[in-house]
Amino acid sequence: MTDAAAPISRAQRTYMLTLMVLVYTFNFIDRSLLGVLGQPIKADLKLQDWQVGVLGGLAFALLYSIGGLGVARFAERANRVTIISAALGIWSAMTALCGAAVGFWSLALARVGVGLGEAGYIPPSYSMIADYYPPEKRASALGVFTLGVPLGAFLGAVLGGALAQAYGWRVAFFALGLPGVALAILFKLTVREPARGGMDPGGAVADGQPPSFSAVLRMLMRKRAFVHLTLGASLTSFSGYAVAQFAVPLLLRGYDLDLRTASLAYGVVGTLAAAVGVGAGGFLADFFGKKDARFRAWIPGFALMAAAPLYMFAFTRPTIGALGAAIILPAILQYLYLGPVFALAQNMVDARTRATATAVVNVVITLIGLGLGPMTIGALSDFFASRSYTGLMSFAVGCPGGVAPAGAEGFAATACRAASFSGLQQALIAAAAVYLWSGLHFILAAKHLKKDLLS
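As a starting point, this report considers the structure included with it. The structure presented is a predicted model; accordingly, all values stated were derived computationally and were not measured. Just so you know, the residues in each chain are numbered from 1, in the order the chain's sequence is written. Owing to the predicted nature of the model, reporting of local features is limited to residues with pLDDT of at least 70; listing and counting of side-chain atom pairs is limited to 80 or more, with chain, interface and lining totals taken over all residues. Each side-chain value is derived from all of the structure's non-hydrogen atoms; neither hydrogens nor water enter the calculation.

**Description of the packing of helix α1 (residues 10–45) against helix α2 (residues 49–56)**
To obtain each axis, a line is fitted to C-alpha atoms, and for helices this fit is confined to the stretch in contact; angles are then taken between N-to-C directions over 0 to 180 degrees. A run of DSSP states H or I qualifies as a helix once it reaches four residues; a run of E qualifies as a strand once it reaches two. Both are numbered from the N-terminal end. Direction vectors running N to C along α1 and α2 enclose 145 degrees, while the axes themselves pass 10 Å from each other. At the point where α1 passes α2, the crossing takes the right-handed sense. On α2, the residues touching Leu34, Gly38 and Lys42 of α1 are Asp49, Val52, Leu55 and Gly56. Partitioning the contact of α1 with α2 into residue classes produces three nonpolar, two polar and two charged. Crossing handedness is read from the near helix: turned anticlockwise from the far helix by less than a right angle, it gives a left-handed crossing, and turned clockwise, a right-handed one. For this analysis, residues touch if any pair of their heavy atoms sits within 4.5 Å. Amino acids are sorted into nonpolar (Ala, Val, Leu, Ile, Met, Phe, Trp, Tyr, Cys and Pro), charged (Asp, Glu, Lys and Arg) and polar (every other residue, Gly among them).

Below you can see the structure in the form of structure tokens.
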């Protein structure tokens, strides 16, 4: 639908946001499958943890981040509904192709394709939502929108784990990738493109050439609150994506669970915590932000600083029950930042530069968080595992794919499993410490927030 100038009804706003959440859910189903299926893929293709980290992070992040900038510039002048629909169709098809991979490089190429498709979603989506909702309701709307993250992670974990255990990891990619193509058609046919700036205090802006990318980037770099928010979100994502990538492998290696049970446990606990955190972050920011805008940065800042020691404590629990109980609170605190960060980014710029501002945030988050997080923590896991391995050979030789070769004696299997678990456990504790650093950036952002906001 293209009648952008007509008033937006409440029903249209609700329908748009509902479908946006559904698309974001598919986005994270496809994005998170590598984490859920990482252990069987690693064993089948004989990979190391750093390679699993590359597949889950850097291979996806490269074109996702770079492509996002180009899409954002295009979205400042083109129909955002069309862009989102095309992106959804591309990443869904490439997810299905992951199931046809025969080795590291073919799977990496398919993941690059998923990243290229998903690059077309976030910048136009945040821009569209900002044109459906007024400034004082954007954090709440974006908090609801971001519920697609835990919903997608939950469905990816539960369905991916069940399908992989019953039919193999390849079938999981086929079954969960292809339905997104049908959703892309529905989105294109039923969602309306809004007027740019129609919900801003000054009213809609005229169509025309937006400011150049260099001009927008210079403007953003002058806003110290924007810089600190972007760095804080990126470091939070560094740890968050690493935890998401290796949570199911941790359960499989150290808690005697099968894939279906481990993925279900991760899906239920992780989704509950993330849904509460994402939803609460947006609403808390809007509620307290009415009194003082700095609360929009203070809330995630202090939450992340508290999450660091709580995560470290959780990762050292000896039983699955104790781990599940201990990890809920830090997971909630970790997700409080999502709604406030992107709402503040939208409120720091005008309607013609919102998609670009979102893309800049997203590029830095993706490169630092998704690109480096899983790969770095995976490399640390390999390093710590090698140090704790008690076998006669090196860990890489004695434990290909992290497990003992078929037919190996009981001692070899035990040594491989113990080293794999210990290495990953230590690496995730290191990842949790990064939340202290990220929280500090949010606190620093609050100092400059009032003068950097446009509304």
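Next comes the rest of the account.
**Focus: helix α8 (residues 148–167)**
In this analysis, the expected span of each helix is defined as 1.5 Å times one less than the number of residues it contains. Relative to the 28 Å expected for 20 residues at 1.5 Å per residue, α8 spans 26 Å between its end C-alpha atoms, a close match to the ideal helical length. Each residue gets one of three labels from its accessible area relative to the maximum for its type: buried under 20%, exposed over 50%, partly exposed in between, using a 1.4 Å probe on protein chains only. Buried residues of α8: Gly148, Val149, Pro150, Gly152, Ala153, Gly156, Ala157, Gly160, Gly161, Leu163 and Ala164, and no others. Elements in contact with the buried residues of α8: α1, α7 (138–145), α9 (169–177) and α13 (259–289). Once α8 finishes, Gly168 follows within two positions and takes phi at roughly 105 degrees, a positive value.

**Some words on the state of the cysteines**
A covalent bond between the sulfur atoms of two cysteines is what we call a disulfide. When the sulfur atoms of two cysteines come within 2.5 Å, that pair is taken as a disulfide. The final tally for this structure, using the stated rule, is one disulfide. Each sulfur in the disulfide pair Cys399 and Cys416 lies 2.0 Å from the other. Across the disulfide from Cys399 to Cys416, rotation about the S-S bond amounts to roughly -85 degrees, and the bridge is consequently left-handed. Pair noted here: Cys399 is in the loop between α18 (395–398) and α19 (410–452) and Cys416 is in helix α19, with a separation of 17 residues, a long-range link.

**Observations regarding the pattern of salt bridges**
Think of a salt bridge as a Lys or Arg side-chain nitrogen and an Asp or Glu carboxyl oxygen that are within 4 Å of each other. Summed over the entire model, instances satisfying the criterion amount to seven salt bridges. Between Asp131 and Arg80 there is a salt bridge; the shortest N-O distance is 2.8 Å. A residue pair is termed long-range when its members are at least 10 positions apart, and Asp131 in helix α6 (residues 122–132) and Arg80 in helix α4 (residues 80–98) qualify at 51 residues. Each of the two residues, Asp131 as well as Arg80, counts as buried. Linking Asp256 and Arg417 is a salt bridge whose minimum nitrogen-to-oxygen distance equals 2.7 Å. One end of the pair, Asp256, is in the loop between α12 (224–254) and α13; the other, Arg417, is in helix α19, and 161 residues separate them in sequence. Given a relative accessible area of 64%, Asp256 falls into the exposed group. What you see here is one network of salt bridges that share partners, running through Lys42, Asp49 and Arg253.

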